[in-house]
Amino acid sequence: MKTIHHFVNGKRFSGESKRVSKVFNPATGEQSAEVKLATTKDVNDAVENAKKAFDSWANKPPLQRARVMFKFKELIEKNADELTKIIVSEHGKVYEDAKGSLTRGLEVVEYACGIPQMLKGEFTENVGSNVDSWSIRQPIGVCAGITPFNFPAMVPMWMFPMAIACGNTFVLKPSEKDPSCSIRLAELLKDAGLPDGVLNIVNGDKEAVDALINNKDVAAISFVGSTPIAKYIYENCAKNEKRVQALGGAKNHCVVMPDCDLEQAVNGLMGAAYGSAGERCMAQSVAVAVGGIGDKLVSSLAKKVEALKVGHGMDKQSEMGPLVTKEHLAKVKSYVDLGVKEGAKLVVDGRNYKIQGYENGYFIGGCLFDHVSKDMRIYKEEIFGPVLSVVRAKNFDEALKLVNDHEFGNGVSIFTRDGDSGRTFSNKAKIGMIGINIPIPVPMAFHSFGGWKRSLFGDQHMHGPEGVRFYTKLKTITSRWPSGLRSDPEFVMPTMK
Ligand code: NAD
């Protein structure tokens, strides 16, 4: 059985732990590897290496750090097919979707190539007579990232390229369900010229996460995952005086107005609800049918959901792959059972989906519920599978209230031809990322990604300008040289003359 180790100080690191977790191919249900689960000491060793590498890396001119990023970009492009196949083999999503997610990660690397421009500070000559003042942003030290299973390349790449380009060193703890992609990315970054110790990968579970939270040499933690763990990370990082951004779960709504281009809305919803088997934090899991459009929307959706091509991620015909694990499949199916019990109308039932040759894979067909109401658990909770709930709303105001009353605030879309509805919606919705006739409004790398409410704990969103702020500290220097005005001791609050 293949063992997946850690990657510390530029090489494979086995650590002292004897504990392992199984890694599966979700399409076949077969175990493909075992991954080491780091102990506290293993994590501390990785942090120690990152700490040793910090001074020299932080002092490299930003242009030199950018050149490593340029080379890394080239290597990702060269190895895109291999990286994509790794994602498919451990996550299960279909090849083109996996490749798209790698590209969205690559775009952050491209943004990080511009780091010399982004780290330029501000300068004021003569804030007072012969006194100058300037502000700079400096790296903060050893940063850590803890990432979820659903984007094994993209989410780690929201974090470490930005942190490293800003001059920090980094310890990444990827999901133990699909850890191989992170290791390969770290190898490529080493080939791109990154000094040893600047990027380290430790595999593990709660013990490794707690070790990162408790290590006083870790200055900042970026987390992406479910809301209960995001809250735990946020609270404990604050307790340990660390900077923290913790992105959590979601329940993204798509408001379908009666005046919209229905075909466009239905196609948008199909990709957003069932792409990646609904295992996206920006997946749309609730369609809000406004006014009289509900029956037409449900019948158009039903035909397409029934026709969904579910299969192995490497099969070019597949539109949707399996779920990530057997346990997750059982959880998603149990939510569909619950929806039926709660009284929602199950229009398309994908629970008994079987694929010849892949009977042990974690497949489920697309599921569609109609007449879901806001007090049902299938409406309130994140299912994270290919299950779309249609809720009916009398008018725009009722739809907007549903969106704003929900505990999550990651993404939302509205489909309408009316500019006033679109603009009012984007102005009033209490959500971090908004699409107008765009089903999955994931911001590009040069903007920043993040939700509101219980979808993000902390102040700063990921990557883009917010990423630069998160991974740097502001310092302001005020200076006067002896040739300037000499002054006597002053015992009052200094003001500039
Ligand atoms: P998860 O919360 O189970 O795991 C995320 C990370 O936390 C993993 O590295 C895991 O090892 C670690 N972890 C798990 N349990 C822990 C515990 N008890 N203590 C400490 N660490 C623990 O999430 P997941 O199932 O891997 O990913 C799916 C979730 O991530 C969904 O809720 C999804 O919405 C969310 N997500 C959010 C975003 C976003 O940008 N907001 C993006 C992607 C995924």
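Residues numbered from 1 in each chain as written. Predicted model: local features only at pLDDT ≥ 70, side-chain atom pairs only at ≥ 80, totals over all residues. Heavy atoms only, no water.

Enquirer: How would you explain the domain arrangement of the protein chain if you had to name every residue and give the values?
Expert: Domains assigned within the protein chain are domain 1 (3-248 + 455-477) and domain 2 (252-436). Here the C-alpha centroids of domain 1 and domain 2 sit 31 Å apart. On the domain 2 side, the residues contacting the 20 residues of domain 1 number 24 residues. Each partner contributes to the roughly 1900 Å² buried at the junction of domain 1 and domain 2, and carbon and sulfur atoms together form 63% of this total. Of all residues in domain 1, Ala27, Val94 and Ser455 bury the most surface against domain 2, accounting for 26% of the area lost on that side. At the junction of domain 1 with domain 2, the criterion picks out 1 salt bridge. In this assembly, domain 1 and domain 2 are joined by 7 residue pairs in polar contact (both at pLDDT 80 or more). Counting only elements with at least two residues in the side of domain 1 that touches domain 2, the list comes to helix H3 (80-91) and helix H4 (95-112). (Domains from an automatic or database assignment. Contact = heavy atoms within 4.5 Å. Buried area = accessible area lost by both parts, 1.4 Å probe. Salt bridge = Lys/Arg side-chain N within 4 Å of Asp/Glu carboxyl O. Polar contact = N/O pair within 3.5 Å; in protein donor to acceptor, adjacent residues only side chain to side chain. Helix = DSSP H or I, 4+ residues; strand = E, 2+ residues; numbered from the N terminus.)

Enquirer: I'd love a proper account of the pairing of strand S9 (residues 169-173), names of residues and values included.
Expert: Across the 5 residues of S9, 5 count as buried, placing the element largely inside the fold. Where burial is concerned, the two faces of S9 agree: the one with Thr169, Val171 and Lys173 and the one with Phe170 and Leu172 are both buried. Relative to S9, strand S8 (residues 142-146) runs parallel, the two sharing 5 bridges. Its bridge partner being in S9, isoleucine 146 is matched across the sheet by lysine 173. (Buried < 20%, exposed > 50% of the residue type's maximum accessible area, 1.4 Å probe, protein only. Pairing = 2+ DSSP bridges.)

Enquirer: Describe the side chain of threonine 227, and please don't skip the residues or the numbers.
Expert: Within the secondary structure, threonine 227 is located in helix H9 (residues 227-239). A polar atom in the side chain of threonine 227 sits 2.8 Å from the backbone nitrogen of glycine 249.

Enquirer: Tell me about the packing of helix H14 (residues 396-405) against helix H15 (residues 419-428), and please be specific about residues and values.
Expert: Packed helix pairs are characterised by how far apart their axes lie and by the angle those axes make with each other. Put simply, H14 and H15 touch, their axes get as near as 11 Å, and they point 25° apart. For the element pair H14 / H15, the angle class is roughly parallel. Regarding H14 and H15, the two cross each other, and that crossing is right-handed. For the pair formed by H14 and H15, the contact residues are Phe396, Leu400, Val403 and Asn404 on the first element and Ser421, Thr424, Phe425 and Lys428 on the second. (Axes fitted to C-alpha atoms, helices over the stretch in contact; angles between N-to-C directions. Parallel < 35°, antiparallel > 145°, perpendicular 65-115°, else oblique. Left-handed = near helix turned anticlockwise from the far one by under 90°.)

Enquirer: Describe the nonpolar core, and please don't skip the residues or the numbers.
Expert: The biggest cluster of nonpolar side chains holds 70 residues, and the ones touching the most others in it are Phe72, Trp158, Phe160, Ile164 and Phe170. In this structure phenylalanine 160 touches Phe72, Phe170, Leu172, Leu185, Leu189 and Leu199, once residues within four positions along its chain are discounted. Residues Leu262, Val290, Ile378 and Tyr379 belong to the second largest nonpolar core, which totals 64 residues. (Core = buried A, V, L, I, M, F, W, Y, C linked by side-chain atoms within 4.5 Å.)

Enquirer: With reference to specific residues and values, describe the sheet that holds strand S1 (residues 3-4).
Expert: Here 3 strands make up an open sheet; going across it, the order is S1-S5-S4 and the pairing mixed. Of all strands in the sheet, those with a lone pairing partner are S1 and strand S4 (20-25), marking the two edges. Note that S4 and strand S5 (residues 30-36) share 6 bridges and pair antiparallel. Pairing of serine 21 across the sheet is with valine 35, part of S5.

Enquirer: For the packing of aromatic side chains, give the residues involved together with the corresponding values.
Expert: Following the criterion strictly, the structure yields 8 aromatic pairs and no others. Relative to phenylalanine 160, the ring of phenylalanine 72 lies with its centre 6.2 Å away and its plane at 45°, an arrangement referred to as tilted. With a gap of 88 residues between them, phenylalanine 72 in helix H2 (residues 62-78) and phenylalanine 160 in helix H6 (residues 154-165) connect regions that are remote in the sequence. Judged by its relative accessible area of 0%, phenylalanine 72 falls in the buried class. The exposure class of phenylalanine 160 is buried, given its relative accessible area of 1%. With a centroid separation of 5.8 Å and 20° between ring planes, the pair formed by phenylalanine 123 and tryptophan 134 is classed as stacked. Taken together, the positions of phenylalanine 123 in strand S6 (residues 122-128) and tryptophan 134 in strand S7 (residues 131-139) put the pair 11 residues apart, joining distant regions of the chain. (Phe/Tyr/Trp six-rings, centres within 6.5 Å; stacked < 30°, edge-to-face > 60°.)

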